[in-house]
Amino acid sequence: MAVTRRQFMTVSAAGLAASSVGALGFVGAGDALAAGVRPFKLERATETRNACPYCAVACGVLVYSLGDKSKNAKSSIIHVEGDPDHPVNRGTLCARGAASLGYIHSANRLKYPMHRKPGTDKFERVSWDFAMERIAKLMKEDRDKNFIAKNRDGVTVNRWLSTGFFGGSSLSNEAGYLTYKFVRSTGILGFEDQARI
Amino acid sequence: MTNSWNDIKNTDLVLIMGGNAAEAHPCGFKWVTEAKANNGAKLIVVDPRFTRSAAVADVYAPIRPGTDIAFLAGVMRYLLSNNKIHQEYVKAFTNAAFIVKEGFAFNDGLFAGFDADRKAYADRSTWDYELDEQGMAKVDETLQNPRCAINLLKAHVERYTPEMVERITGTPKAKFLQICEMIATTSVPDRTMTSMYALGWTQHTTGAQNIRSMAMIQLLLGNMGMPGGGVNALRGHSNVQGITDLALLSTSTPGYLVLPNDREATYADYMKPRAFKPLRPGQTSYWQNYEKFFVSQQKALFGTAATKDNDWAYDYLPKFDTSYDVLKMVDMMAAGQMNGLFCQGLNIMLASPDKTKVMTGLAKLKWMVVIDPLETETARFWENHGEFNNVDPKSIQTEIIQLPASAYAEEEGSATNSSRVIMWHWKAADGPGESRSDIEIVSDLHLRLKALYAKDGGAFPDPIVKLTWNYTRPRHPDPAEVLKEMNGYALEDLPDPADPGKVLLRAGQLLPSFALMRADGKTSGGIWIYTGVYTEAGNMSMRRDASDPTGLGIYPKWGFSWPANRRVLYNRASADPSGKPWSERKKYVWWNGSRWTGGDVPDYAPTVAPDKAVGPFIMNQEGTARLFARAAMPDGPFPEHYEPMDAYIANPLHPKVSTNPVVRVFAADAKSFGTPDKFPIVATSYRLAEHFHYWTKNVHDNAVLQPELFVEMGERLAKAKDIQNGDWVEISSQRGAIKAKACVTKRIRPIMVDGKPCDVLGLPIHYGFIGFARKAHPMNVLTPSVGDASVNTPEYKAFLVDVKKTTPPAQPAVA
Amino acid sequence: MATLQSLDIRRRSASTEAPPQIRSTIEVAKLIDVSKCIGCKACQAACLEWNDLKQEIGYFEGTYDNPTDLTPASWTVMRFTEYEHGDDLEWLIRKDGCMHCDDPGCLTACPAPGAIVQYTNGIVDFVSENCIGCGYCVKGCPFNIPRISKVDRKAYKCTLCSDRVAVGQAPACAKACPTQAIYFGSKADMIAHAENRVVDLKSRGFKNAGLYDPPGVGGTHVMYVLHHADKPSLYAGLPDDPEISPMVGLWKGVMKPISLAAIAFAGVFGFLHYITKGPNEVSEADQRKGDDLAGGKHS
């Protein structure tokens, strides 16, 4: 490859300042400054086995958290990677799973119960007790008013159609089963998960 | 999945159609690359777009969205007319030889029994077998009778010639035939094909029939129950399999039992059609045990309040008159027929089609409760986000309560993956702020409601007040305790029917198998298919033994696979009628002279000899799989191509019945379908590898990897519309219009449909006005509010649009 | 040598002598099998997460390449190429990033002692503490990989997860890769594996499949399996025959004495200032020159 004059000039000018560092005999200083590799950040982090929350490959993940679960160390998740023992993913993760730490710590995570009053343009923070009491009251009012005990033919149908429930599909089985019990016991028929959508 | 993620490595041929596994399920797709690298397997991808799955395929073929049945029926025609079927398998294990009733017919797009006024097959009585005097189905083992199911199938698919397939689907004939030849190579006993599909098949007005078509192909090829075979639904959410098993659905109860309906006034009415007597001599018809599962479930739900005298609390369950699925609920909301709504981890504002209709519905609610780990468009539907959500908060009277749920890694419990394997996960840290787990939230709500009804009474309090919630810590039930309840246990000592002196299980002991469930109230169990997951030996979902003794990827001691820890369903069919493996290479479960053996749990008792044993398809009354579906499908016993509701062409097979004739169309949506004169481009929606649904736009790194909504279109269309790569364009449908940046690509291949050029464009679903990705118009503005005739899955995958150049959105897309 | 016990150093930038070695370690390599790559960007996500990098969120720029180029916070990016030939289309997807050359142009060009090191296992690593942000590494790199950060004026690139490798773990990208399109191990094992992959690809009609381990840079510790090894440039401009720019040799061989002879007061002052006050106050003049040399490629 031929060296053009312009390239030569550029190299010369830059070389003036920068090449001096090594050539002036500061190799020893450099040695002293030489850093090793970045320390391995998981060395004593706590490892917990979990499953990726996204698709139904449900890859096994190792969740690493700060602290050793001792009394005065608050666990905070610092890293997620694939579980090498898991037969399906064998340690691998996709772009979603590999970035799932960002879901755990997303600035858009909800932290407190919030309440939006009709016609207003904001959410206001409320207590859990207020929220749950309010929901139970709203449910009972609507159910008591609109519960259908018998259909037009006089058949006992015991259904409640004016309230619906969209259920999550990343809940645990246990949360799902309790949700089923809770919803079904009220007579709600408008009940749907994420299987179709 | 009938098989499992790991089993894919055993295959010789992968057909990805109706899905995009590389992009939506990359870590499951790994087993495709393993099959390719280590088993010499080939990969075929059929998709409207050249996807990331296609990027590593051996053969790719384009197809017009919504025409899969035409393609698959064409494959069936090829296999049948070239005798590329697994003859012995088809004869032994399918209903090919069964004789269908005389009245059954198919003419001009309609099967027998159509009622034009009700838009339904009101009379499906002819969609069945001829029965003999004993009530057994008649068969002709010689297959000579023209009314044999396989002969009717041959006649039905005869119209799907390669020329007709090309005309409807746009798939070039040569590519189609190349794919047929490749598929046909798996009709031999020692080769299998696996089918991997997802929402690309379900989200059509013919969704269930798309999948049925593939099941039929796999049966013709003898690929069901075989290693490396099967029909594999790649489920979406991490526990959508478990949640569906648990029936967070309108008309089901856990374990695929069915909720009573209005015609079943009494328990006796309900149980009568569920006797499920065998239709062939010596068959088992496993659903005969339905009552045992149902009664055990009622005992789990209502405990001592469910007695024989009150028909096991039959009236505590609501009865349905129609399906209240997502589309129905949105329609009711928009009509002002609903007051309250819960959204638990489901962003309905983006998830349901026709965003304008969803918005109208949400604004008519009196109250809504959103339980979610993240901010969602649903919780903030009343908030003005410029042209992306142009609303006036003052005019929206819906009261909203938003509850922070803990998420992944912040709770423990079990979940069921797409392979039906139930696996436990452990908690790593607390959630942020005051967030609570879904278990705590639901428990709190139930207990408050229970207390209110116990104190004040009200409309039919019994099912709420009597619902069992006897956990050690009722407000914080331990997931392990809940899983035990789901598994089930003996309520009283269970004597051995064969030896009354012997006790099979003591009262209080966990059930090792659903075979021990009883219809007399002596057992309890919330979901029969999960029985065996938590036994006296411990929590099987916690098992982490990664040994694989056969090398076939069975992992029998990793978690627990329902049912009965069976990893490949219908595995009896991997051996011939005498119990011998069809081939040494595909040996899986076989009869060794004294018992069924192999690496997996066989379909039934391992000591029953093949000549005494029932057919492999034990859930069917005839013990065989069905090429002819009987009356199980509302839109026909054979699949038929119908155009999507936004029909691009008049159906060349029967122009008078262009679309699926039994699709449910709400009155409010009667005028919501587009026509090709106004909307001449076929659109489809899809997922990207970088995002998961509407969640990951809230994750910084995922927003980095795919920051903004775009629309993919081929070079031919872009040129015709003078659109350059990166231009802002407007995409419009009969439902509305959105803006997106153009992605002009060679990966949408120019196709010809019905003799004319057909342009296709595609839109990823992931964007909205909440999150770190660039704000965008939700793409569900464009999609029609109509669903599959069988199960009402919305038709997200095929609709008509137009596209033109436009200006950037009024509010600049700044994060 | 406490910090270097796990990864012994073979070469250091701007140092005349190679440290003597008493140990012998295996050479490692990452094999990127483009024929198995589905472009899912798991490697990009894993890299961002593991290295705690905060890349800015961009815009859709008419391509799936996001970010559209390497940056100081994106040490690897996927490059997508639609390759049409006749009726056939291939979507070639290449993971781009540092190749960890056996004869690293960046290290050769680097004027800051110990800012770039090559370990005996083959990994080429940037030691930020020693980096003066001059950008010579960018000029010296035949693959156009390093990027200079505007935040701290340091050069950044893939470390091959030297922190993970040092404790016997595979790099984050390799571990994450769902389809084993990224494979990690000893260089000998990776070459053997690549040979099998090439046989498989040839059986599928890719007559020119082969391993990319370019001799012009002494071979690399990141290698590719390509379906079209005869035309590397098809893959978003992967150099067909990379070699270190003769300019780098020139400044080392000829320019250095000239430069030394012409050292100006400001230059010496700048350097002394750097040594005494720390890297953030390295002369802006050096930086600008580095920027110019790097062709304005950084953000």
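Quick caveat: nothing in here was measured; it's all calculated off a predicted structure. For every chain, the first residue of its written sequence is number 1, and the numbers climb from 1 along that sequence. Each chain is given a letter, starting from A, and each ligand a number, starting from 1, according to the order in which they appear as written. Local features are withheld for residues below a pLDDT of 70 in this predicted model, meaning they are given only at 70 or higher, and side-chain atom pairs are given and counted only at 80 or more; totals for whole chains, interfaces and linings count all residues.

1. Digging into the overall build of chain B
Secondary structure elements are defined from DSSP: runs of H or I of at least 4 residues count as helices, runs of E of at least 2 residues count as strands, and each element is numbered from the N terminus. Per the secondary structure count, chain B includes 20 helices and 33 strands. C-alpha atoms define the radius of gyration in this analysis, and the globule rule sets the expected value at 2.2 Å times the number of residues to the power 0.38. Over its C-alpha atoms chain B spans a radius of gyration of 27 Å, differing by no more than 12% from the 28 Å that the globule rule assigns to 815 residues. When its C-alpha atoms are laid out on the principal axes, chain B stretches across 85 × 70 × 55 Å. As a rule, residues whose C-beta atom has 12 or fewer other C-beta atoms within 10 Å are exposed, those with 20 or more are buried, and those in between are partly exposed; C-beta atoms are placed from the backbone. Within chain B, the proportion of its 815 residues that are buried is 63%.

2. Things to note about the domain arrangement of chain B
All names here are of chain B. Domain delimitation in this document rests on an assignment produced automatically or drawn from a domain database. In terms of domain boundaries, chain B breaks down into domain 1 (6–236 + 623–632), domain 2 (239–318 + 375–417 + 420–566) and domain 3 (655–805). We call two residues in contact when their backbone-placed C-beta atoms lie within 7 Å. Opposite the 7 residues of domain 2 that make contact, domain 3 presents 8 residues. Split by residue class, the side of domain 2 that touches domain 3 holds 1 nonpolar, 3 polar and 3 charged. Here the term charged refers only to Asp, Glu, Lys and Arg, the term nonpolar to Ala, Val, Leu, Ile, Met, Phe, Trp, Tyr, Cys and Pro, and the term polar to all other amino acids, Gly among them.

3. Brief notes about the sheet that holds strand E23 (residues 560–561) of chain B
Spatial ordering of the open sheet is given by E15-E16-E23 (chain B), a layout of 3 strands whose pairing is antiparallel. In this open sheet, the two strands that pair with only one neighbour each are strand E15 (413–416) and E23 of chain B. Of the strands in this sheet, E15 and strand E16 (421–425) of chain B touch helix H6 (residues 173–186) of chain A, which is tilted by about 90° from E15 of chain B. Strand pairing is defined by DSSP finding a minimum of two bridges between the two strands. Between N-to-C directions, angles span 0 to 180 degrees; the directions come from axes that are lines fitted to C-alpha atoms, helices contributing only their stretch in contact.

4. Notes on the interface of chain B and chain A
A common way to report how large an interface is uses the accessible area buried once the components associate. The interface of chain B with chain A comprises 134 residues on the first partner and 101 residues on the second. Element by element, the count of residues in the side of chain B that touches chain A is highest for helix H16 (residues 438–456) of chain B, at 10 residues. Residues of the side of chain B that touches chain A, tallied by class, amount to 73 nonpolar, 41 polar and 20 charged. Here strand E4 (residues 114–116) of chain A pairs with strand E14 (residues 399–404) of chain B via 3 bridges, running antiparallel. Across the sheet, the residue bridging to Met 114 of chain A is Gln 402 of chain B, located in E14 of chain B.

5. Comments concerning the interface of chain C and chain B
Residue-level contacts link 30 residues of chain C with 33 residues of chain B. Sorting the residues of the side of chain C that touches chain B by element identifies helix H1 (42–50), strand E3 (76–85) and strand E4 (88–97) of chain C as the ones contributing at least two each. The element contributing the most residues to the side of chain C that touches chain B is H1 of chain C, with 5 residues. Of the residues that constitute the side of chain C that touches chain B, the class distribution is 13 nonpolar, 9 polar and 8 charged.

6. Observations concerning the environment of Ala 188 of chain C
Residues and elements named next belong to chain C. Among the structural elements, Ala 188 can be located in helix H6 (residues 187–203). Take Ala 188: there are 11 C-beta atoms within 10 Å of it, and that puts it in the exposed class. Each C-alpha atom of the pair Ala 188 and Asn 130 lies 32 Å from the other, and the pair is 58 residues apart in sequence.

7. Quick notes on unusual backbone geometry
The omega torsion of the bond from Trp 562 of chain B to Pro 563 of chain B falls at -10°, within 30 degrees of zero and hence cis. Here Pro 563 of chain B is to be found in the loop between E23 and strand E24 (589–591). In this structure, Pro 67 of chain C follows Asn 66 of chain C across a cis peptide bond, with omega equal to -10°. Topologically, Pro 67 of chain C is positioned in the loop between H1 and E3. Even without being glycine, Cys 161 of chain C reaches a positive phi, approximately 50°. Structurally, Cys 161 of chain C can be placed in the loop between strand E8 (155–156) and helix H4 (162–165). With 27 C-beta atoms packed within 10 Å, Cys 161 of chain C lands in the buried category.

8. Let's talk about the sheet that holds strand E2 (residues 60–66) of chain A
Residue and element names in this part refer to chain A. One open sheet holds the 3 strands; their spatial order is E1-E2-E3, and the pairing between them is antiparallel. Here the strands that pair on one side only, and so sit at the sheet edges, are strand E1 (46–51) and strand E3 (76–82). Shown here is a sheet whose adjacent strand axes are inclined to one another by a mean of 30°, direction ignored.

9. Digging into the confidence of the model for chain C
Residue and element names in this part refer to chain C. Values of pLDDT, the confidence the predictor places in each residue, fall between 0 and 100. Mean pLDDT over chain C stands at 85; residues scoring 70 or higher make up 79%. Under a pLDDT of 50 for its full length, residues 259–299 has, in the predicted model, 73 contacts with residues more than four places off or in other chains. Two summary scores accompany this predicted model of the complex, namely pTM at 0.93 and ipTM at 0.97.

10. Some details on helix H2 (residues 26–39) of chain B
By this rule, a helix spans an expected 1.5 Å times one less than how many residues it contains. The terminal C-alpha atoms of H2 of chain B, which comprises 14 residues, lie 19 Å apart, in line with the 20 Å expected from a rise of 1.5 Å per residue. Of all 14 residues that make up H2 of chain B, 11 are buried, and the element is covered over most of its length. Of the residues making up H2 of chain B, those classed as buried are Pro 26, Cys 27, Gly 28, Phe 29, Lys 30, Trp 31, Val 32, Thr 33, Glu 34, Ala 35 and Lys 36 of chain B. Against the buried residues of H2 of chain B lie strand E1 (13–17), helix H1 (21–24) and strand E2 (42–46) of chain B together with H1 of chain C. Looking at the residues trailing H2 of chain B, positive phi occurs at Gly 40 of chain B, about 65°.

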